[in-house]
Amino acid sequence: MATTFEPGTELPELRVTPDRMTTIRYAGASGDFNPIHVDEDFARQVGLPGRILHGLWTMAQVARAQTEAAGGPHTLRRLSVQFRGMGVLEREIVVTSKVTTVADGIAHVDTEARQGDVKVVRRGEAELRLG
Amino acid sequence: MAVNADAVGKTYPPVLYAVGREKIKEFALATGETEPLYLDHEAARAAGYRDVVAPPMFAVVYSGAAVSPVMFDPEVGIDFALLVHGGQEFTWGPLVVAGDEIETTVLVKAISERGGNAFYVFESVSTNQDGHTVCVGTWSNVVRGA
């Protein structure tokens, strides 16, 4: 772990491009088979551009960015996010994270996930256990 | 449509989830994780864990099993055609490891109406077999145009 956690530190970006099978695999792994994520025809019928990403899959990318930066799963104490934008398949997602405060061995981090101009996860707040 | 908030405060019987090694690996791979603690039980044991460790977001699996029935509760009355997952918060305690048995209880924390939308907030509390709280989740759902 090379990252030094101080206010203003930007954690390493996480870049990931969901492939066409991402929502199928995640539906099986998570148990969320909402047809807007797995059925192309249904998604279009309800006015979507096609199958869309699960918000919780995108949140998992935000969580992964934190645990990879801080050094493992035990480091993530809290993560809170808002879902507003719609995530689509086969387009790169970029997770960015910036430390706001560090106190008592806990780093508070502001984080978000963007896909192009769309903030698919916004107002993300993470608390990381350091050391 | 007026939002019915009668279900606020309602709790549900606990749901027990047995955490399996292959399920953790499946979830880790589906979310792009490469951390050996999630994928390789020998690496996890070498690091002092009994078996593979669940990524934090695996909370979706063990607590989601308890939240789904609440979302379909007619007393809560969610209109699925207009439903959006608005926000999510998890606070984690001790790590979950394959072989754990996680019990989750869910509470209807809030139902409100604002700007023509209805807001449904559920809280899940997940406890392991040793009585430790491994995760508290706050699930925020928005029903547009309610």
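Bear in mind that the values here come from a model prediction, so they are computed numbers and not experimental data.

Here is what the cut-offs are and how they apply
Residues numbered from 1 in each chain as written. Chains lettered and ligands numbered in written order. Predicted model: local features only at pLDDT ≥ 70, side-chain atom pairs only at ≥ 80, totals over all residues. Heavy atoms only, no water. Helix = DSSP H or I, 4+ residues; strand = E, 2+ residues; numbered from the N terminus. Contact = heavy atoms within 4.5 Å. Lys, Arg positive; Asp, Glu negative; His and termini not counted. Charge placed at Lys NZ, Arg CZ, Asp CG, Glu CD. UniProt positions renumbered as here; feature names shortened; annotations may be inferred. Buried area = accessible area lost by both parts, 1.4 Å probe. Salt bridge = Lys/Arg side-chain N within 4 Å of Asp/Glu carboxyl O. Polar contact = N/O pair within 3.5 Å; in protein donor to acceptor, adjacent residues only side chain to side chain. Pairing = 2+ DSSP bridges. Buried < 20%, exposed > 50% of the residue type's maximum accessible area, 1.4 Å probe, protein only. Phe/Tyr/Trp six-rings, centres within 6.5 Å; stacked < 30°, edge-to-face > 60°. Lys NZ or Arg CZ within 6 Å of the ring centre and 35° of its normal. 1 Å grid on protein atoms, 1.4 Å probe; cavity = no way out; pocket = protein on both sides within 12 Å on 5 of 7 lines; lining within 4 Å. Points joined across faces, edges and corners; volume = space filled by probe spheres on them. Nonpolar A, V, L, I, M, F, W, Y, C, P; charged D, E, K, R; others polar.

Q: What's the story with the overall build of chain A in this structure? I'm lost.
A: Helix and strand counts for chain A stand at four helices and five strands. Going from N to C terminus, chain A has its helices and strands arranged as β-α-α-α-α-β-β-β-β. Considering only C-alpha atoms, chain A reaches an extent of 50 × 30 × 20 Å along its principal axes. Residue pairs at least 24 apart in sequence account for 62% of intrachain contacts in chain A once pairs closer than 6 positions are excluded. Charge-centre separation for chain A: the mean point of 16 positive side chains lies 2 Å from the mean point of 17 negative side chains.

Q: Just to check I follow, could you spell out the UniProt feature "domain: MaoC-like" (unreviewed entry) in chain A for this structure?
A: Residues annotated in UniProt with the feature "domain: MaoC-like" (unreviewed entry) correspond here to residues 14–114 of chain A. Spanning residues 14–114 of chain A, this segment combines 35% helix with 31% strand, and its end C-alpha atoms are found 11 Å apart.

Q: Before we go on, may I ask you to explain the interface of chain B and chain A in this structure?
A: Each partner contributes residues to the interface: chain B has 26 residues there, and chain A has 26 residues. Together chain B and chain A conceal approximately 2,100 Å² of surface at their shared face, both sides included; 59% is due to carbon and sulfur atoms. On the chain B side of the interface with chain A, the three residues burying the most area are A30, M57 and W92 of chain B, jointly 24% of the side's total. Across the salt bridge formed by E89 of chain B and R78 of chain A, the nearest N and O atoms sit 3.2 Å from each other. For the pair chain B and chain A, the number of links is 13 residue pairs in polar contact (both at pLDDT 80 or more). Of all the secondary-structure elements, those providing two or more residues to the side of chain B that touches chain A are α1 (21–30), α2 (36–39), α4 (59–71) and β2 (83–92) of chain B.

Q: Got a minute to help me understand the pairing of β2 of chain B in this structure?
A: Looking along a regular strand, one sees the side chains alternate between the two faces of the sheet. Summarising the sheet, strand β2 (residues 76–83) of chain A and β2 of chain B pair through five bridges and their orientation is antiparallel. By the bridge assignment, L79 of chain A is partnered in β2 of chain B with F90 of chain B. As paired strands, β2 of chain B and strand β5 (residues 133–143) of chain B are joined by nine bridges and run antiparallel to one another. Bridge assignment links G87 of chain B to a residue of β5 of chain B, and that residue is S140 of chain B.

Q: Sorry if this is basic, but what is going on with the pairing of β5 of chain B here?
A: All names here are of chain B. Taken across its eleven residues, β5 has eight buried, putting it largely inside the fold. Of the strand pairs in this sheet, strand β4 (residues 117–127) and β5 are connected by ten bridges, and their pairing is antiparallel. Bridge pairing in β5 links S124 to G137. Between β4 and the antiparallel strand that follows it, β5, lie five residues; G131 among them carries a positive phi value of about 85°.

Q: Mind showing me how you'd approach the packing of aromatic side chains here?
A: For any pair of aromatic rings, geometry is given as the distance between the ring centres together with the angle between the planes. Summed over the entire model, instances satisfying the criterion amount to seven aromatic pairs over all chains. Residues Y26 of chain A and F27 of chain B carry aromatic rings whose centres are separated by 5.9 Å and whose planes lie at 55° to one another, so their mutual orientation is tilted. Of this pair, Y26 of chain A sits in helix α1 (residues 22–30) while F27 of chain B is found in helix α1, placing the two residues in two different chains. Ring centres 5.7 Å apart and planes at 90° place the aromatic pair F90 of chain B and W139 of chain B in the edge-to-face group. Separated by 49 residues along the polypeptide, F90 of chain B in strand β2 and W139 of chain B in strand β5 bring together distant segments of the chain. By relative accessible area, F90 of chain B is classed as buried at 0%. One aromatic cluster in this structure is built from Y26 of chain A together with Y17, F27, F58 and Y62 of chain B. Across the ring face of F119 of chain B, the terminal group of R114 of chain B is positioned such that the distance to the ring centre comes to 4.3 Å.

Q: Before we go on, may I ask you to explain the layout of surface pockets in this structure?
A: Computed from the structure, the largest pocket encloses a volume of approximately 1,300 Å³. Going through the elements one at a time, α2 (35–38) and α4 (55–70) of chain A together with α4, β2 and β5 of chain B are the ones with two or more residues in the lining of the largest pocket. No other element matches α4 of chain B, which puts seven residues into the lining of the largest pocket. When the residues that make up the lining of the largest pocket are grouped by side-chain class, the tally is 23 nonpolar, 14 polar and three charged. In this model, the second largest pocket occupies a volume close to 160 Å³.

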